[in-house]
Amino acid sequence: KVDTIIFADCIYNEECAMALCRTICHLLKRPGDTVLGVLPDFRVGLSLFEARMKEDGFVSIDLPIVTTTVEEGERQQQQRQQQQQHGNFACNGGNGKDYRLVMWRDNS
C-alpha cells in the first residue's frame, strides 16, 4: 500500500475511468492519502472518474499549471526549493493548454 499516487493522461474512456478509480482505492493506505493527476479536458470518461472519486470520499483541489521553457523551469525549480512550497506545477517544454492538474485528498 502507498500514501501517494501520481498519474498523467490515463483516462481514455469510461472503462479506463473505472479501472483507475478501483486501482487508486486498492493501492492507497487511506485515510488522508493523496492522489495527484494531470487530466486532459477533452476525454470521454473524465466526468465519470471525477464523480467516482467524490463518491469514494476524495475531495479535489485544482492546482495551477505554469508553462515554462527549460531554462525558466530550472530557475523556478530553484525558487521553489528555496520556498519549500508546492503552490504551482511547472509543465516544462510544452504547454498545459486543455489540461488540469488536480489533487485529491481522501477524507473518508
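Scroll up to find the structure.
Residues numbered from 1 in each chain as written. Predicted model: local features only at pLDDT ≥ 70, side-chain atom pairs only at ≥ 80, totals over all residues. Heavy atoms only, no water.

## What to know about the side chain of Arg100
And then number 1: Note that Arg100 resides in strand β6 (residues 99-106).
And then number 2: Within polar-contact distance, the side chain of Arg100 engages the side chain of Glu50 at 2.8 Å.
And then number 3: Setting aside residues up to four positions removed in sequence, Arg100 forms contacts with Gly37, Val38, Leu39, Asp41, Glu50, Asp62 and Ile65. (Helix = DSSP H or I, 4+ residues; strand = E, 2+ residues; numbered from the N terminus. Polar contact = N/O pair within 3.5 Å; in protein donor to acceptor, adjacent residues only side chain to side chain. Contact = heavy atoms within 4.5 Å.)

## Some details on helix α1 (residues 14-27)
And then number 1: For α1, built from 14 residues, the straight-helix expectation of 20 Å at 1.5 Å per residue is met to within 8% by its first-to-last C-alpha distance of 20 Å.
And then number 2: Taken together, the buried positions of α1 are occupied by Ala17, Leu20, Cys21 and Ile24. An end-on view of α1 places all buried positions within 100° of arc, on one side of the element. In α1, those exposed residues whose orientation departs by more than 90 degrees from the buried face are Glu15, Arg22 and His26.
And then number 3: Buried residues in α1 make contact with β1 (4-8), β2 (34-40), α2 (46-55) and β3 (58-63). (Expected span 1.5 Å × (residues − 1). Buried < 20%, exposed > 50% of the residue type's maximum accessible area, 1.4 Å probe, protein only. Arc of directions from axis to C-beta.)

## Let's talk about the sheet that holds β1
And then number 1: Pairing in this open sheet of four strands is mixed, and the strands run β1-β2-β6-β3 from one edge to the other. Two strands in the sheet have a free side with no partner beyond their single neighbour: β1 and β3. Within the sheet, the average angular offset between the axes of one strand and its neighbour, ignoring direction, is 20°.
And then number 2: When β3 meets β6, the two strands line up antiparallel, connected through six bridges. Within β6, the residue paired with Phe58 across the bridge is Asp106.
And then number 3: Contacts from α1 reach β1, β2 and β3 within the one sheet, and its direction differs from that of β1 by about 160°. (Pairing = 2+ DSSP bridges. Axes fitted to C-alpha atoms, helices over the stretch in contact; angles between N-to-C directions.)

## Details of α2
And then number 1: Inspection of α2 places Leu46, Phe49 and Met53 among the buried residues, and these make up the whole buried set. Projected down its long axis, α2 shows its buried positions confined to an angular sector of 60°, all on one face. Structural note: α2 exposes Ser47, Lys54 and Glu55 on the side pointing more than 90 degrees away from its buried face.
And then number 2: Where α2 is buried, its residues contact β1, α1, β2, β3 and β6.
And then number 3: Looking at the residues trailing α2, positive phi occurs at Gly57, about 95°.

## Brief notes about the pattern of salt bridges
And then number 1: Scanning all chains against the criterion turns up four salt bridges.
And then number 2: The partner of Asp9 in a salt bridge is Arg43, and the shortest N-O contact between them spans 2.7 Å. Of this pair, Asp9 sits in the loop between β1 and α1 while Arg43 sits in the loop between β2 and α2, and the two are 34 residues apart along the sequence.
And then number 3: Arg43 gets classed as buried once you look at its relative accessible area, which sits at 19%.
And then number 4: Here Glu55 and Arg52 are joined by a salt bridge, their closest N and O atoms 3.5 Å apart. Of this pair, Glu55 and Arg52 both sit in helix α2, three residues apart, which is roughly one turn of the helix.
And then number 5: Overall, Glu55 belongs to the exposed group, its relative accessible area being 61%.
And then number 6: Here the residues in one salt-bridge network are Glu50, Asp62 and Arg100, joined through shared partners. (Salt bridge = Lys/Arg side-chain N within 4 Å of Asp/Glu carboxyl O.)

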